[in-house]
Amino acid sequence: MELSHMNEQGRARMVDVTDKEVTHRTAVAQTAVRMHPNTLKRILEGGIEKGDVLAVAQVAGIMAAKNTSSWIPMCHPLPLTGVDIQFGDNGLNELYIEASVKTTGKTGVEMEALTAVSAAALTVYDMCKALQKDMQIGPTRLVSKRGGKSGDYQV
């Protein structure tokens, strides 16, 4: 298998997507933040002193998706047409984060979705670390992608 991120000298390069077809592309990624039940309860009830954790994490995830190419060296800057961050929980000790990202373009939005859930989870940690420092983030994974030459992917 030839790696498309390598040039003739074996050095990293940004893939040339000039001749790729423009298609509608979507990606969904998920992660989780494990914490003490009391920490989750306080997040859900709005009892964290720094503010509304989920609202701030949602904005952080959206901002991260929009700026992924600034964080990940070989990512193309993309005009995103939609980013949605959803939260759920198991009622005990896990907060679930899911990001759905859309564009119409020549390359996919998998990295944008993964970056969005990662930034949202890190924001939850940052806003709650005074209450609990041993929270755990992950696993973080791509759940699905649609569009593009490589086709669709679903977990």
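Anything mentioned here points back to the structure above.
Residues numbered from 1 in each chain as written. Predicted model: local features only at pLDDT ≥ 70, side-chain atom pairs only at ≥ 80, totals over all residues. Heavy atoms only, no water.

(A) A look at the overall build of the protein. Scanning the protein for helices and strands turns up four helices and six strands. Along the protein, helices and strands appear, N-terminal first, in the series β-α-α-α-β-β-α-β-β-β. Counting only C-alpha atoms and orienting by the principal axes, one finds that the protein spans roughly 55 × 30 × 25 Å. Considering only contacts within the protein whose residues lie at least 6 apart along the sequence, 68% involve residues at least 24 apart. Here the protein has roughly 9000 Å² of accessible surface; of this, 53% comes from carbon and sulfur atoms. (Helix = DSSP H or I, 4+ residues; strand = E, 2+ residues; numbered from the N terminus. Contact = heavy atoms within 4.5 Å. Areas by Shrake-Rupley, 256 points an atom, 1.4 Å probe, with all protein chains shown as cover.)

(B) Up close: the nonpolar core. V33, M35, I43, V53, I97, V124 and C128 are the most contacted members of the largest nonpolar core, which totals 28 residues. Within the residue set of this core, elements represented by two or more residues are β1 (23–34), α1 (37–45), α2 (53–66), β3 (94–105) and α4 (110–128). Ranked by the residues each element gives to this core, the list is headed by α4, at eight residues. The contact partners of C128, leaving out residues within four places of it in the chain, are T39, I43, I48, V53 and M135. (Core = buried A, V, L, I, M, F, W, Y, C linked by side-chain atoms within 4.5 Å. Buried < 20%, exposed > 50% of the residue type's maximum accessible area, 1.4 Å probe, protein only.)

(C) Broad picture of the packing of α2 against α4. At a minimum axis separation of 7 Å, α2 and α4 run at an interaxial angle of 145°. Considering only the axes of α2 and α4, their crossing is right-handed. Counting all contacts with α2, which are made through V53, V56, A57, A60, G61, A64 and A65, the residues of α4 involved are E112, T115, A116, A119, A120, T123, V124, M127 and C128. The residue inventory of the contact of α2 with α4, partitioned by class, reads 12 nonpolar, three polar and one charged. (Axes fitted to C-alpha atoms, helices over the stretch in contact; angles between N-to-C directions. Left-handed = near helix turned anticlockwise from the far one by under 90°. Nonpolar A, V, L, I, M, F, W, Y, C, P; charged D, E, K, R; others polar.)

(D) Looking closely at α1. Taken together, the buried positions of α1 are T39, L40 and I43. On an axial view of α1, the arc spanned by its buried residues comes to 95°, and they lie on one face. Residues of α1 that are buried in the fold lie against α2, β2 (80–89), β3 and α4. Just downstream of α1 lies G46, where phi reads positive at about 75°. (Arc of directions from axis to C-beta.)

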